[in-house]
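Inside the fold
Here are the chains, one letter per residue:
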Amino acid sequence: MQRIGIKTKNRAELVDITETIQSAASRAKIRDGVCLVFCPHTTAGLTINENADPSVREDIVASLNRMVPADRAYAHSEGNSDSHIKASVFGSSLQIFLEEGRLCLGRWQGVYFCEGDGPRSREVWVKFIASEMR
Amino acid sequence: MQRIGIKTKNRAELVDITETIQSAASRAKIRDGVCLVFCPHTTAGLTINENADPSVREDIVASLNRMVPADRAYAHSEGNSDSHIKASVFGSSLQIFLEEGRLCLGRWQGVYFCEGDGPRSREVWVKFIASEMR
Amino acid sequence: MQRIGIKTKNRAELVDITETIQSAASRAKIRDGVCLVFCPHTTAGLTINENADPSVREDIVASLNRMVPADRAYAHSEGNSDSHIKASVFGSSLQIFLEEGRLCLGRWQGVYFCEGDGPRSREVWVKFIASEMR
């Protein structure tokens, strides 16, 4: 698998990693199949959403903050329980089809790393599975 | 991959696509492996849930509407920020095991397209990966 | 695929199945690829989250209970609508990379079965896909 470093800048943000993942696909030997992306952290996740208007990302971050407030009374004492919970809401992995070496995304889709407890140095892991044409 | 058209009828609804995905599996050459389903839209998602009592689907739609109200003050100005957020809560893809050409689902499970900003003409993309028996 | 039994003890809890899934991987013939885990139930899901402090799991369960209260007026009459909704928030499947027969998890990650309507006897289904090294 490929391990790719990501720098995040805020406590909670959606970082566009579409080109990063496409570059990983271009380095892979497999041209047709599935690109699998995995987040090895427990206070961050992955999602696919709008790539055009950046205000959508702001709305996603703000809405998750309302669903899972940071300042509730939590059992976990590290002050990042909200980040753990958001990680489970987003999920830890993505699958994206690959055809002729290109990620198959919808017209308005981008790939996002969902930071929940930054800023930090993070990683995503990427692996490719060939699909059989027969 | 197979591209399959779906017509949705309401702004927010869960459309049963279980038979649609099973038909795609029947057309595929692979009999054993994994069926991958991808939603190429940013205001809709995919989920697996109860296939018996349709009121479960109503409850899911209503509960997501309460978690992510449509009428909040959002940054994105197109009036569908809630739909984008719900898409990330549901997720953009599913994986379902395939054995002897049949989708492996639990007794009460069906496959649903989660429309968030309909009614619209939508698509799901489906791909099959063979699993090695060795 | 392998079918693995799980006993849950509470109505809502996160049961650590990391070792269970690693054991399934050790029994598989495939050493490098992807481990896919599927939950065949509609009132339970799967997630990957913190494996160190068990209070994180308590916070996840409590937070989901707040997002989706059990005692709202739901259309579904079996008293477990909240469990169905949480199942869709968590999701029904996981993908975990496999290298040299070991699950590739981040330092703080564990694999959890998210019971929503227990205590019950449950199952998870596990399948392995080989990745091509070429």
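Residues numbered from 1 in each chain as written. Chains lettered and ligands numbered in written order. Predicted model: local features only at pLDDT ≥ 70, side-chain atom pairs only at ≥ 80, totals over all residues. Heavy atoms only, no water.

Overview of the relation of the copies chain B and chain C
Superposing the two chain copies requires a rotation about an axis and a translation along that axis. Take chain B, turn it by 120°, move it 0.0 Å along the axis, and it overlays chain C with an RMSD of 0.0 Å. In short, the pair behaves as if placed about a three-fold rotation axis. Among all residues of chain B, the one whose C-alpha sits closest to the rotation axis is Val89 of chain B, at a distance of 3.4 Å. The residues that chain B uses at the interface reappear at the interface of chain C in only 19% of cases, marking distinct surfaces. (Least-squares fit on C-alpha atoms with pLDDT ≥ 70 in both. Contact = heavy atoms within 4.5 Å.)

Some words on the environment of Arg107 of chain B
Residues and elements named next belong to chain B. With respect to the element layout, Arg107 can be found in the loop between strand S6 (102–103) and strand S7 (109–115). On the basis of relative accessible area, Arg107 is assigned to the exposed category, the value being 70%. Sequence separation between Arg107 and Ala52 is 55 residues, and the spatial gap between their C-alpha atoms is 9.5 Å. (Helix = DSSP H or I, 4+ residues; strand = E, 2+ residues; numbered from the N terminus. Buried < 20%, exposed > 50% of the residue type's maximum accessible area, 1.4 Å probe, protein only.)

As for the confidence of the model for chain A
Summing up the model confidence of chain A, the mean pLDDT is 96 and the portion of residues at 70 or higher is 98%. The complex model carries a pTM of 0.97, and its ipTM stands at 0.96. (pLDDT = per-residue confidence, 0-100.)

What to know about the pattern of salt bridges
The tally for this structure, following the rule as stated, stands at 21 salt bridges over all chains. A salt bridge links Arg120 of chain A to Asp117 of chain A, with the shortest nitrogen-to-oxygen separation between them at 2.6 Å. The class of Arg120 of chain A is partly exposed, set by a relative accessible area of 36%. Among the salt bridges present, the one from Glu115 of chain B reaches Arg122 of chain B, with a minimum N-O distance of 2.7 Å. By the burial criterion, Glu115 of chain B is buried, and Arg122 of chain B matches it. (Salt bridge = Lys/Arg side-chain N within 4 Å of Asp/Glu carboxyl O.)

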